[in-house]
Amino acid sequence: MKDDSITLKSGGGKESRIEKSRPKSSSREAWKAGKSIFLLILAFVYLIPVIVLILTSFKTQIQIMEKGFGWFFMPTLMNYTNVLLEQGFLRYMTNSLIVGLVSTFVTLLIGGFASYALVRFNFFGKGTISFGTLLLRMIPPAVLVVPIYVLWSYFGLADTLLGLVIIYVGLNLPFTIWVLISFIADVPVELEEAAVVDGCGPWKIFFTVILPLIKPGLAAAAIFTFRIAWNEFILALVLTNRLTRTLPVATTIYLTDTGVEWGNITAMGTLVALPAIIFTFLAAKQLIAGLTAGAVKG
Amino acid sequence: MGNKGLFRGITPYLFVAPAVLVLAFTCLYPVIKGFELSFYDWSLGTPIESRKYIGWENFAWAWHDPALFNSIKVTLIFTAFAVAAELFLGLLIAFLLEKGIRGIVLLRTVFIIPIMIAPVVVGLLWRYLFDANFGLINYIVALFGFEPKAWLGTPGLALPAVIITDIWQWTPFMFILFLAGLQSLPKDPVEAAQVDGATTWQVIRQVKIPLLAPVIWVAVLLRIIDAFRSLEVMFIMTFGGPGRETEVLSLNIYKTAFMSQRLGLAAVNSIFLLAFILLLSIAFLMIARPALSKK
């Protein structure tokens, strides 16, 4: 059946294509214009919610309550000063930054070690480790939330930033290892062999030969690790207190406590979303590489 | 893996040890601990000594727990509708925009934003858009002459609202994977079909989609797994309400542990979630592994 429909056409196909060549070019123009309009609509559907969020964060409560949505108004920084200075969000932002940066650094370092060993060495247990890593990548935070809460309380890690860093390193390692493996595999082995001849040990090779060559992979992995640490919510919610809270947790607690102060809430949301928006425009290519890692070759 | 003999002995183990230790401590150990917890009756906030071993009682309770089965049902409905729509829209957009169109780079960039921003922000953004009084959606609905609605508080409307939010957030993921997949397809079969006079639709149906199948499977399974994990958006938009209409399994676990304060029962519910994820992951690995190992 499959072949039929193609071969059936193959007889008359060429003729009709020649006949149709004139009207086709104008319909192709229309097709192209239609696609551009479609593209524009899509872009709007994706931009408008984000723009609404950001615009609202610069509005006063009165401007927000107005009927309809005002696109033009006198902007105010009131929501930001209120959120950052009075609600203590400066502290939560610092917490988020510390947790994000430290866990990203540690994840890349020990994830890099592990990926290097998994690509270049043959050792007993290698298969188990790489398969186990892939499986662990799928574990939902909700499965971990109860036992982690119990264990972290027991070990005195609850309510500390260190406790958050440890769990985020664990959550991010599988993905990081997965991404870095594909980058390390592309490094030509000859470079390492030459380094061995020069008398380099494995650690020196890792730091001086491998790391500089997989910078794009490190960048992609870093962005994704930082993103998880910066955005993660449910574990941070149960593992932090008033002092060690991260931004997403503080935002939701504020949201549920006060209800509908949309000016303040959108200001917090904008602050939480800001790094993601910046990264998106700076490093779209690396992000796409990270998103498609493992799923698509090439 | 050309130089397998380069370094032997203990060196490889030193390289993998830190990662293995952290993974064991943060993922493996808690999962095992979760199994142990499921045999205890233990209230949140009471000391560990006060927990009571009750055997399979938590499991027996869970088996007749309408809240648990409701949350499994909600998770399945949410996942089925959201992922199906994302698959359809993702394919549609990828095929429409496959051939170099001006602005595609910008669109791809804009498209990543919903994936990158915190789910918490996505949740509060759409809670605002769906807001009964100030929301943009009621504003648009009113323009077309319809009654404004309290979307997130009305039975029958809240779950669709949450699903729409997920579709908005994750269709770009499908699109990006499919576009990358399309761009790395071998040129020959497509050209051969075109020479044979196949229409665009025939090329898509009979050549491109079969060639793209592995990527489609990977994307769908990754999304299903992710949909089972998602909880922030519901947490913020509805907190599972109205009633338990949008209470997915992940949210049920959180509520059982930290609102009802029943840690043991929450551990049992976690095992259900883990079982679902495990099945899906094995399916995923069976499909994705061949693609991974061919280097």
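Residues numbered from 1 in each chain as written. Chains lettered and ligands numbered in written order. Predicted model: local features only at pLDDT ≥ 70, side-chain atom pairs only at ≥ 80, totals over all residues.

Trainee: Help me understand the overall build of chain A, please; the structure alone is not making it clear to me.
Mentor: The helix and strand inventory of chain A stands at 14 helices and 0 strands. Reading chain A from its N terminus to its C terminus gives the helix and strand order α-α-α-α-α-α-α-α-α-α-α-α-α-α. Restricting the contact set of chain A to residue pairs at least 6 apart, pairs at least 24 apart contribute 80%. (Helix = DSSP H or I, 4+ residues; strand = E, 2+ residues; numbered from the N terminus. Contact = placed C-beta atoms within 7 Å.)

Trainee: Please clarify how the overall build of chain B should be interpreted in this entry.
Mentor: Counting secondary structure elements, chain B contains 12 helices and 2 strands. Along the chain direction, N to C, the helices and strands of chain B fall in the order α-β-β-α-α-α-α-α-α-α-α-α-α-α. With the C-alpha coordinates aligned to their principal axes, the bounding extent of chain B is approximately 75 × 75 × 30 Å. Here chain B, with 295 residues, has 44% of them falling under the buried criterion. Long-range contacts, defined as pairs at least 24 residues apart, comprise 71% of the intrachain contacts of chain B with a sequence gap of at least 6. (Buried ≥ 20, exposed ≤ 12 C-beta atoms within 10 Å, placed from the backbone.)

Trainee: What is the right way to look at the nonpolar core in this model?
Mentor: Buried together is how nonpolar side chains tend to be arranged in soluble globular proteins. Counting residues in each nonpolar core, the largest one holds 164 residues, and the members touching the most others are A:Val145, A:Val146, B:Ala19 and B:Phe178. In terms of residues, this core owes the most to one element, helix α7 (residues 161-185) of chain A, which gives 17 residues. Discounting chain neighbours no more than four positions away, the residues touching A:Val145 are A:Ile234, A:Leu235, A:Val238, B:Ile253, B:Tyr254 and B:Ala257. (Core = buried A, V, L, I, M, F, W, Y, C linked by C-beta atoms within 7 Å.)

Trainee: Even after reading the chapter, I still don't get the interface of chain B and chain A, so can you show me in this structure?
Mentor: How big an interface is tends to be stated in terms of the accessible area lost upon association of its parts. Between chain B and chain A, the residue contacts involve 90 residues of the former and 95 residues of the latter. By residue number, the principal contributor to the side of chain B that touches chain A is helix α1 (residues 11-37) of chain B, which donates 17 residues. A class-by-class count of the residues in the side of chain B that touches chain A yields 68 nonpolar, 15 polar and 7 charged. (Nonpolar A, V, L, I, M, F, W, Y, C, P; charged D, E, K, R; others polar.)

Trainee: Just checking my understanding: could you explain unusual backbone geometry for this structure?
Mentor: Excluding glycine, most residues fall at negative phi; most peptide bonds, likewise, are trans. All names here are of chain B. Phi at Phe239 is positive, roughly 50°, even though this residue is not glycine. Within the element layout of this structure, Phe239 appears in the loop between α10 (232-237) and α11 (249-258). Judged by C-beta crowding, with 17 C-beta atoms within 10 Å, Phe239 ranks as partly exposed. Residues other than glycine seldom take positive phi values, yet Gln261 does so here, at roughly 65°. Locating Gln261 in the fold gives a position in the loop between α11 and α12 (263-293).

Trainee: Would you mind showing me how to read the packing of helix α3 (residues 78-86) of chain A against helix α13 (residues 262-282) of chain A here?
Mentor: For any two helices packed against each other, the geometry comes down to the angle between their axes and how far apart the axes lie. Residue and element names in this part refer to chain A. In contact at an axis separation of 9 Å, α3 and α13 are set at 75° when each is read in the N-to-C sense. Considering the angle they form, α3 stands roughly perpendicular to α13. Between α3 and α13, the residues in contact are Asn79, Tyr80, Asn82 and Val83 and Gly263, Asn264, Ala267 and Met268, respectively. Here the residues of the contact of α3 with α13 sort into 4 nonpolar, 4 polar and no charged. (Axes fitted to C-alpha atoms, helices over the stretch in contact; angles between N-to-C directions. Parallel < 35°, antiparallel > 145°, perpendicular 65-115°, else oblique.)

Trainee: Just to check I follow, could you spell out the environment of A:Val169 for this structure?
Mentor: Tracing the sequence through the fold places A:Val169 in helix α7. Considered as a pair, A:Val169 and A:Ala219 are 50 residues apart in the sequence and their alpha carbons are 16 Å apart.

Trainee: I would appreciate a short explanation of the confidence of the model for chain A in the present structure.
Mentor: Low-pLDDT stretches of the model should not have their predicted coordinates read in fine detail. Summarising the model, chain A shows a mean pLDDT of 82, and 88% of its residues fall at 70 or more. Within the model, the stretch residues 1-22 of chain A combines pLDDT values under 50 with 16 contacts to residues more than four positions away or in other chains. (pLDDT = per-residue confidence, 0-100.)

Trainee: Would you mind showing me how to read the confidence of the model for chain B here?
Mentor: Residue and element names in this part refer to chain B. Taken over all residues, the pLDDT of chain B has a mean of 86, while the share at 70 or more is 94%. Within chain B, helix α3 (residues 66-96) carries the highest mean pLDDT (93), whereas α12 carries the lowest (81). Low confidence marks residues 1-5, where pLDDT is under 50. Its contacts with residues over four positions away, or in another chain, come to 9 contacts.

Trainee: Help me understand the environment of A:Val50, please; the structure alone is not making it clear to me.
Mentor: Residue and element names in this part refer to chain A. Structurally, the position occupied by Val50 is in helix α1 (residues 2-57). For Val50, a count of 19 C-beta atoms within 10 Å gives the class partly exposed. Note: C-alpha distance between Val50 and Ile210 (160 residues apart in sequence) is 39 Å.

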